[in-house]
Amino acid sequence: MEGVVFDIKEFAVFDGPGIRTTVFMKGCPLRCQWCHNPEGLRPEPQLTVSRAACTGCGECLKHCPTPGHCTACGRCVPFCRLGLRRIAGRRMTAEALAEKLLRGRALLEESGGGFTFSGGEPLMQWPFVREVIALLDGVHCAVETSAYAPDAVFREVMDTLDLVMMDVKLTDPEKHRRFTGVDNAPILRHLDMLCAGSTPFIVRMPLIPGVNDETAHFEAVAARVAGAKALQRVEMLPYHKTAGAKYGMVGLEYKPEFDVDRPVRIDTGPFERRKIPVVTL
Amino acid sequence: MTERIRALRALIVERKAHRAFRRETAVDPSPYRRAELKDFERTALRLKTFLEAETPVILPEERIAFLRTLPDIPGIYTDAEWAEITKDHYIHEQGRVCNLSPDYETVIRKGLRAVLGEIDAADAGENRAYYDAMRTSLFAVIAFAARYAEATRAAGREDIARVLDKVPAGPAETFLEALQSLRALHFCMWCEGDYHNTLGRFDRYMLPYYRRDLAAGRITPEEAQELIEEFFLACNRDSDLYTGMQQGDNGQSIVLAGMTPEGEDGYNELTDMCLTTSAELMVIDPKINLRVNGRTPLSLFEKGTRLTRLGLGFPQYENDDVVIPGLMRLGYEERDARNYVVAACWEFIVPGAGMDIPNIGALPFAGVVNRVIREKLGEIRDMDDLKTAVREAIFAEVRRIAAGLKNLYVIPSPYLSVFFEGCVEKGRDIASGCKYNNYGLHGTGLATAADSLAAVEEMVFRRGLAPETLIAAMDADFEGYDELRWQLKNECPKMGNDEDAADGLACFLLDAFADAVEGLKNERGGIFRAGTGSAMYYIWHAADLGATADGRTAAEPLPANYAPALNTRLNGPASLIRSFTKPDLTRVVNGGPLTIEFHDSVFRDGEAVAKVARLVRSFIEGGGHQLQLNTVNRDRMLDAQKHPENYKNLIVRVWGWSGYFVELDKCYQDHIIQRVELTAGA
């Protein structure tokens, strides 16, 4: 089976325990306004252009077979002298990916680390990810997910992964739809499944100024996860202005509906009061 | 850091107030530049003249004295005399004794008066002039220390005066005396006109004094730490006067931990104190080398990594498991091999026994491979043929280099000679040789060479590209061949990505280099050592190289030292380490590190330090010989904005994620640069 991968990052030191290699799977059903990996949104390979250093020489245009309608064929890529054009997303077989990943296993295992599947939304390519994991010879595997997936998929995820790192963005359904484009009911349902289950998990809370950094949200999440026996810890990820850095590269405009300059409010109190381990990254 | 050290640091490093004592007066060279004097007599007389012209200065708060006030040391030859000498001699670098490690340990322990006794005992008359030069030098140093003692006493610093009454003339007994003796001996080495000679195994030879003081209740660990801090600071006050290729290139390196000559583990409490000192002071001297092996505890790697995090570019790691057997293979005795240190940069040398010249020449890997491809590819049928031709060319080039190294002349240094085995005994100057007289050859552009061969294999022998087309593209510097160039750069295997197709060729090249030097002798009876360093040669070797088959254009530089080609999109540090530990590095132990750069935000928390430490250990366990880690700083990022094509692998931590710096929009690049500036200023 083939999947679409848009990056493999070695020596990831913040994506789970130990030293990890993180695989970024392309495609995401959500459209979070603070997304910092816009090249991971569309499921198919696409052309990216680093516009910061582009001199506008026009050489790339001369080699485009379909001007005005990019098919990500990649013909223009060799002709950029500054090397600013790339195709984000590569089709790989599960075997090829697993073979590549396993070459680095010694260092990962020795440090108590392993592999992390991130994205995009890795569960969008779950049959592929599942096949890769089966080939990874029992090395520790984690997933970074929005948890937006069919229940059956999520159940399999809980049975397969050694660690689930799931985002909890907004508990309010209306706001969730507005800022991420999708319903949060399945997400919260899957959070409850994790809380009731035995798969080790980490709750990650992206904190967005004026969107979800109010006490009610912290309280709601803390109340929901309190007592979950497999919960490792809660991680706060305060919004950073650089989230928009790569939008130009994929031809998108970054226009969030919140005030990017407002400092984020971080309140770990509701977790601490419930004796839930919490860190700010 | 105590208040006293803080004040000294402010004076020396921040305000550079000690430079106010420098005088414009130039030393008059006429007394020692006399035609009737032999070269070694001139050197000895110059040291005497220079030290007599120096003025003792005591900085407020200091306890370890000696400060340069005369910036310039005129040479022993007139320009005309030197031109005459250089006409029929091979001159290495500046022609003076450099890149050695004097045996400070023995001289500190015995004192200079004991050495004078040995000189008298050895002097049977027939070599009187040379022994006199040694005596003149040592008397000059002793007299200079006596003047310092007098001046300190007059300034009411009886504490310093009492130490200088004893050392360096007599044996050091306490930790402070040993440090003051080292400071004086090392200071006078510079005054003799020698340069780039290192401080060696500081934590080893200082240990007995420290332990004795500690046992006698004369010192506490805190007091010892303070003295080490002061000594390290002292290394930074005259260093701008020391010659090198660049400011800071002064050879003041120390080597910590590692196996003792007796085969024991030399890691001790002073190792830790030196690492702590370096981290607290944040000064570039002395440069720290850390000797490790496959059994070194992770905690020592972590201590080293905390230093790396500060962005000074050290420690540099050396692997005993590779270097010691490698040196023994080259003929170094076991005790000497175990005692190796690192020369000014990264070359492995033996303290007190080696007059090796580890950077006397360099094999241009990329140049040799490029020439073979351009001249012979048309008639070559397969990869085996190509490798045979490259191997022959490497052998020929090594022989050509070796043949050019004839009639070496080095200006004698009678003072420095007393720190080397056999020199006093035989009345022989270190400039004429010592126990080991080996020549080291660097190997430049290895990755470019391996990648070029890999590209030919892929494009010509696998995909059927016509050799003429490849050569024509290279001749045109790839103008009009963008697609081919892109394929060469992006679709062919590269050294550094754990791809055997490229890494295997690097192994082949290094083996050929090691084979080529085997059995070669130099005119001093020494052998040739192959290495993975580049020094400044990589700049010179890139100059007339032209475009290479790996898709590199003529204007692109070659990588420095043992590193992947610039502009290679790398998988990451773990693949890099796996690639660079594939060759049998015991065969190329002249020295030359793999360099890895991290953005400082990688080190955001304590856990990351442990992870980087494990990465370092994986290099050592994998059989790497030498490793240097950098924490990327703001200047590089500013340069990356101007030349994005040179910084494809500059990874920056942006939020909870990382990105390639050059791919970020400018406003975000600026943002990160500002943030780093704040981090550095804080």
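Conventions we followed
Residues numbered from 1 in each chain as written. Chains lettered and ligands numbered in written order. Predicted model: local features only at pLDDT ≥ 70, side-chain atom pairs only at ≥ 80, totals over all residues. Heavy atoms only, no water. Helix = DSSP H or I, 4+ residues; strand = E, 2+ residues; numbered from the N terminus. Buried < 20%, exposed > 50% of the residue type's maximum accessible area, 1.4 Å probe, protein only. Contact = heavy atoms within 4.5 Å. Areas by Shrake-Rupley, 256 points an atom, 1.4 Å probe, with all protein chains shown as cover. pLDDT = per-residue confidence, 0-100. Expected span 1.5 Å × (residues − 1). Axes fitted to C-alpha atoms, helices over the stretch in contact; angles between N-to-C directions. Parallel < 35°, antiparallel > 145°, perpendicular 65-115°, else oblique. Left-handed = near helix turned anticlockwise from the far one by under 90°. Salt bridge = Lys/Arg side-chain N within 4 Å of Asp/Glu carboxyl O. Pairing = 2+ DSSP bridges. Right-handed = clockwise from strand over helix to strand, strands pointing away. Core = buried A, V, L, I, M, F, W, Y, C linked by side-chain atoms within 4.5 Å. Buried area = accessible area lost by both parts, 1.4 Å probe. Polar contact = N/O pair within 3.5 Å; in protein donor to acceptor, adjacent residues only side chain to side chain.

Caption draft 1: Structural view of the overall build of chain A. If you tally the helices and strands in chain A, you get nine helices and eleven strands. If you line up chain A on its principal axes, its C-alpha atoms span 60 × 45 × 30 Å. Taking all 281 residues of chain A together, 57% fall into the buried category. Contacts in chain A between residues far apart in sequence, at least 24 positions, make up 73% of those at least 6 positions apart. About 11300 Å² of surface is accessible on chain A, with carbon and sulfur atoms providing 53% of the total.

Caption draft 2: Looking closely at the confidence of the model for chain B. Residues and elements named next belong to chain B. Looking at chain B, the pLDDT average stands at 92 and 95% of residues meet or exceed 70. Ignoring residues within four places in sequence, the model shows residues 676–682, a span with pLDDT below 50, making five contacts including any to other chains. In the predicted complex, the global pTM is 0.91; the interface-specific ipTM is 0.90.

Caption draft 3: View of helix 17 (residues 383–404) of chain B. Residue and element names in this part refer to chain B. An ideal rise of 1.5 Å per residue puts 32 Å on 22 residues; helix 17 measures up with 31 Å between its terminal C-alpha atoms. Along helix 17, the residues classified as buried are Met383, Leu386, Ala389, Val390, Ala393, Ile394, Glu397, Val398, Ile401 and Ala402. At its buried positions, helix 17 is contacted by strand 7 (357–364), helix 16 (365–376), strand 9 (439–444), helix 20 (446–462), helix 23 (500–517) and strand 10 (528–530).

Caption draft 4: Just the packing of helix 12 (residues 269–281) of chain B against helix 13 (residues 298–309) of chain B, in detail. All names here are of chain B. Contact geometry of helix 12 with helix 13 gives a least axis separation of 9 Å together with a crossing angle of 20 degrees. By the criterion of interaxial angle, the relationship of helix 12 to helix 13 is roughly parallel. Helix 12 and helix 13 meet at a crossing whose hand is left-handed. Of helix 13, the residues touching helix 12 (which contributes Asp272, Leu275, Ser278 and Ala279) are Leu300, Lys303 and Leu307.

Caption draft 5: Here's a closer look at the pattern of salt bridges. The tally for this structure, following the rule as stated, stands at 82 salt bridges over all chains. Arg177 of chain A is the partner of Asp183 of chain A in a salt bridge, and the nearest nitrogen-oxygen pair spans 3.5 Å. Overall, Asp183 of chain A belongs to the partly exposed group, its relative accessible area being 29%. Two residues, Asp132 of chain B and Arg135 of chain B, come together in a salt bridge whose shortest N-O distance is 3.1 Å. Taken together, the residues span about one helical turn, with Asp132 of chain B and Arg135 of chain B both in helix 6 (residues 128–154) at a distance of three residues. Relative accessible area serves as the criterion here: at 34%, Asp132 of chain B is assigned to the partly exposed category. Taking relative accessible area as the criterion, Arg135 of chain B reaches 13% and is therefore assigned buried. Within the structure, one salt-bridge network assembled from shared partners comprises Glu99 and Arg103 of chain A together with Asp498, Asp500, Asp503, Arg578 and Lys582 of chain B.

Caption draft 6: A look at the pairing of strand 7 (residues 141–145) of chain A. Residue and element names in this part refer to chain A. Burial analysis of strand 7 places five of its five residues in the buried class, which makes it a mostly covered element. Where burial is concerned, the two faces of strand 7 agree: the one with Cys141, Val143 and Thr145 and the one with Ala142 and Glu144 are both buried. Two elements, strand 6 (residues 114–119) and strand 7, share three bridges in a ladder whose sense is parallel. Pairing of Thr116 across the sheet is with Ala142, part of strand 7. Between the parallel pair strand 6 and strand 7, the chain is carried across by helix 4 (residues 126–134), and the sense of this crossover is right-handed. Two strands pair when backbone bridges link them, and strand 7 and strand 8 (residues 163–167) are joined in this way by four bridges, in the parallel orientation.

Caption draft 7: Spotlight on the nonpolar core. One finds Phe271 of chain A together with Phe175, Phe202 and Leu509 of chain B to be the most contacted residues of the largest nonpolar core, which totals 264 residues. Apart from residues no more than four positions distant in its own chain, Phe202 of chain B is found in contact with Leu179, Leu182, Ile228, Phe231, Phe232, Ile254, Val255 and Cys274 of chain B. Listed in part, the 28 residues of the second largest apolar core include Leu30, Tyr247 and Phe258 of chain A together with Tyr668 of chain B.

Caption draft 8: Seen up close, the interface of chain B and chain A. Taken together, the 47 residues of chain B in the interface contact 40 residues of chain A. Summed over both partners, the interface of chain B with chain A buries about 4000 Å², with 56% contributed by carbon and sulfur atoms. Here chain B and chain A share five salt bridges between them. Between chain B and chain A we count eleven residue pairs in polar contact (both at pLDDT 80 or more) in total. When contributions to the side of chain B that touches chain A are tallied by element, the ones reaching two or more residues are helix 22 (482–490), helix 25 (573–580), helix 26 (606–621) and helix 28 (666–681) of chain B. Counting residues per element, the side of chain B that touches chain A draws most heavily on helix 26 of chain B, which supplies eight residues.

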